[in-house]
Amino acid sequence: MATKPYVRLVKTSELDRLAVVQRRAFLRDPEFNYFGSVKTPLSQEVDGAEKRHLEVFFKFLNKACLKCGARITVAVAPTEAGEVICASTTWLPPRNRISLGRTWVLLRSGLFQTLKAWGLNGLLRVGIEYGDVSEKALKEAFAAKGIKESPNTSWYLQLACTDPDMQGQGYMSLLCREAFEFAPSSTFTLEATTVHSRERYAHFGFELFKELRLGKGKVNKDGLPAKGPDAEGVLVYSMVKVSTF
Ligand SMILES: CC(C)(COP(=O)(O)OP(=O)(O)OC[C@H]1O[C@@H](n2cnc3c(N)ncnc32)[C@H](O)[C@@H]1OP(=O)(O)O)[C@@H](O)C(=O)NCCC(=O)NCCS
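What counts and what doesn't
Residues numbered from 1 in each chain as written. Predicted model: local features only at pLDDT ≥ 70, side-chain atom pairs only at ≥ 80, totals over all residues. Heavy atoms only, no water. Axes fitted to C-alpha atoms, helices over the stretch in contact; angles between N-to-C directions. Helix = DSSP H or I, 4+ residues; strand = E, 2+ residues; numbered from the N terminus. Parallel < 35°, antiparallel > 145°, perpendicular 65-115°, else oblique. Contact = heavy atoms within 4.5 Å. Nonpolar A, V, L, I, M, F, W, Y, C, P; charged D, E, K, R; others polar. Left-handed = near helix turned anticlockwise from the far one by under 90°. Buried < 20%, exposed > 50% of the residue type's maximum accessible area, 1.4 Å probe, protein only. Polar contact = N/O pair within 3.5 Å; in protein donor to acceptor, adjacent residues only side chain to side chain. Near = heavy atom within 4 Å. Areas by Shrake-Rupley, 256 points an atom, 1.4 Å probe, with all protein chains shown as cover. Patch = residues over 30% accessible without salt bridge, like charges linked within 9 Å, V, L, I, M, F, W, Y side chains within 5 Å. Salt bridge = Lys/Arg side-chain N within 4 Å of Asp/Glu carboxyl O. Phe/Tyr/Trp six-rings, centres within 6.5 Å; stacked < 30°, edge-to-face > 60°. Lys NZ or Arg CZ within 6 Å of the ring centre and 35° of its normal.

Let's talk about the packing of helix 3 (residues 49-67) against helix 5 (residues 111-144)
Phase 1 of the analysis: Put simply, helix 3 and helix 5 touch, their axes get as near as 9 Å, and they point 90° apart. As the angle between them shows, helix 3 and helix 5 are arranged roughly perpendicular. Of helix 5, the residues touching helix 3 (which contributes His53, Leu54, Val56, Phe57 and Phe60) are Leu111, Gln113, Thr114, Ala117, Trp118 and Val126.
Phase 2 of the analysis: A per-class count over the contact of helix 3 with helix 5 returns eight nonpolar, three polar and no charged.

Comments concerning the environment of Ala75
Phase 1 of the analysis: Checked against the element boundaries, Ala75 lands in strand 2 (residues 71-79).
Phase 2 of the analysis: On a C-alpha basis, the gap between Ala75 and Glu14 in space is 13 Å, while along the polypeptide they are 61 residues apart.
Phase 3 of the analysis: Residues within four places of Ala75 in sequence aside, it is in contact with Tyr6, Val7, Val84, Ile85, Cys86, Ala87, Tyr171 and Leu175.

A closer look at the packing of helix 1 (residues 15-25) against helix 3
Phase 1 of the analysis: At a closest axis distance of 8 Å, the pairing of helix 1 and helix 3 adopts a crossing angle of 130°. By the angle between their directions, the pair helix 1 and helix 3 is classed as oblique. As helix 1 runs across helix 3, the sense of the crossing is right-handed. Mapping the contact onto sequence places Leu15, Asp16, Leu18, Ala19, Val20, Gln22 and Arg23 in helix 1 and Lys51, Leu54, Glu55, Phe58, Lys59, Asn62, Lys63 and Leu66 in helix 3.
Phase 2 of the analysis: When its residues are assigned to classes, the contact of helix 1 with helix 3 shows seven nonpolar, two polar and six charged.

So, the environment of Ser150
Phase 1 of the analysis: When you line up the elements, Ser150 lands in the loop between helix 5 and strand 4 (155-162).
Phase 2 of the analysis: Assessed through its relative accessible area of 34%, Ser150 is described here as partly exposed.
Phase 3 of the analysis: For the pair Ser150 and Arg95, spaced 55 residues apart in sequence, the C-alpha to C-alpha distance is 9.2 Å.
Phase 4 of the analysis: At 2.8 Å, the side chain of Ser150 and the backbone nitrogen of Asn152 are in polar contact.

Remarks on the site of the ligand
Phase 1 of the analysis: Lining the immediate surroundings of the ligand are 23 residues, of which Thr162, Gly168, Gly170, Ser173 and His203 lie closest.
Phase 2 of the analysis: For the ligand, an oxygen atom lies 3.1 Å from a polar atom in the side chain of His196.
Phase 3 of the analysis: In isolation the ligand offers 970 Å² of accessible surface; the protein chains occlude 77% of this area.
Phase 4 of the analysis: Sorting the residues of the shell around the ligand by element identifies strand 4, helix 6 (171-182) and helix 7 (195-203) as the ones contributing at least two each.

Overview of a nonpolar patch on the surface
Phase 1 of the analysis: Taken together, the side chains of Leu100, Leu120, Leu124 and Ile128 make up a nonpolar region of the molecular surface, amounting to roughly 340 Å² of accessible area.
Phase 2 of the analysis: In this structure, Ile128 sits in helix 5.

Points about the side chain of Ser88
Phase 1 of the analysis: Secondary-structure assignment places Ser88 in strand 3 (residues 82-92).
Phase 2 of the analysis: Excluding its chain neighbours within four sequence positions, the residues that come into contact with Ser88 are Leu18, Gln22, Thr73, Val74, Leu159, Ala160, Cys161, Met172 and Leu175.

Let's talk about unusual backbone geometry
Phase 1 of the analysis: Although it is not a glycine, Arg95 sits at a positive phi angle of roughly 60°.
Phase 2 of the analysis: Of the residues examined, Arg95 reaches a relative accessible area of 63% and is grouped as exposed.
Phase 3 of the analysis: Residues other than glycine seldom take positive phi values, yet Ser185 does so here, at roughly 55°.
Phase 4 of the analysis: If you trace the backbone, Ser185 turns up in the loop between helix 6 and strand 5 (188-192).
Phase 5 of the analysis: Among the residues examined, Ser185 registers a relative accessible area of 45% and is labelled partly exposed.

Considerations on the packing of aromatic side chains
The description of an aromatic ring pair uses the distance of the two centres, along with the angle that the planes make with each other.
Phase 1 of the analysis: Scanning the model with the defined rule gives 16 aromatic pairs in all.
Phase 2 of the analysis: With a centroid separation of 6.2 Å and an interplanar angle of 50°, the aromatic rings of Phe180 and Phe206 are classed as tilted. You can see Phe180 sitting in helix 6 and its partner Phe206 sitting in the loop between helix 7 and strand 6 (207-214), a full 26 residues away along the chain. Just as Phe180 is buried, Phe206 falls in that class too.
Phase 3 of the analysis: Judged by centre distance (5.8 Å) and plane angle (70°), the rings of Tyr201 and Phe206 are edge-to-face.
Phase 4 of the analysis: Positioned above the aromatic ring of Phe182, the side-chain terminus of Arg71 is 3.5 Å from the ring centre.
Phase 5 of the analysis: Over the ring of Tyr237 we find Arg198; its NZ or CZ atom is 4.8 Å from the centre of that ring.

Encoded structure:
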């Protein structure tokens, strides 16, 4: 039996527990504030509808990603009471992407619950607006680097997080290094949603290609409703780690 934290694939029986870790990690993330039309900053201590909606979305995303062939890995720490999920990464393998076009998969994964939680606005923001800017930037990045293949041939990091109480302890390093070993000589792509994560991804060898802006004219830099010059939108960072082989 393991005595140290280690990386393994998530079990389907753990998806709800995983959604709690993800909700905790992204509770104040500007991009998710924007997707969820959050009005005021959420707090770990106070319960509320917007907080529950975020968890509904992650449950949906986890199921949909698994059905689309994602490799969801978790870093777990063994304790006397069982294994604790400390961090997770959701990698979409080459030619496996999640999109609104995969309607049947999305319906079976809880699309309606997310629609009820976030409304059509939320779904359009995450499914169309975000999907479009992400895809366009990665195409530009590949062209700029002279890579002939489509970005769809890369391993795409759909989601990554560490529980806030366990950040800075090397869990994301464990997960990323495992992924790089699992798919050596591959190209990896992602969008970082904060400067904090962007710096850590840069440390793993990801290059910043472009800054993308979502929700301009609607939200401020924290993803909360704003008007006028404050409504600058949230920044997202398109990053690529090119195969060195
Ligand atoms: C971003 C996040 C995933 C990082 O997870 P973490 O478990 O705290 O990260 P780690 O402790 O494994 O640190 C990762 C690496 O960054 C390095 N690092 C620490 N501070 C750094 C800095 N300022 N600049 C660059 N690298 C830094 C660490 O040393 C470590 O590398 P090492 O193993 O070579 O020493 C976590 O902060 C998080 O969940 N944030 C909220 C959700 C989020 O933003 N997710 C990513 C967006 S998709």
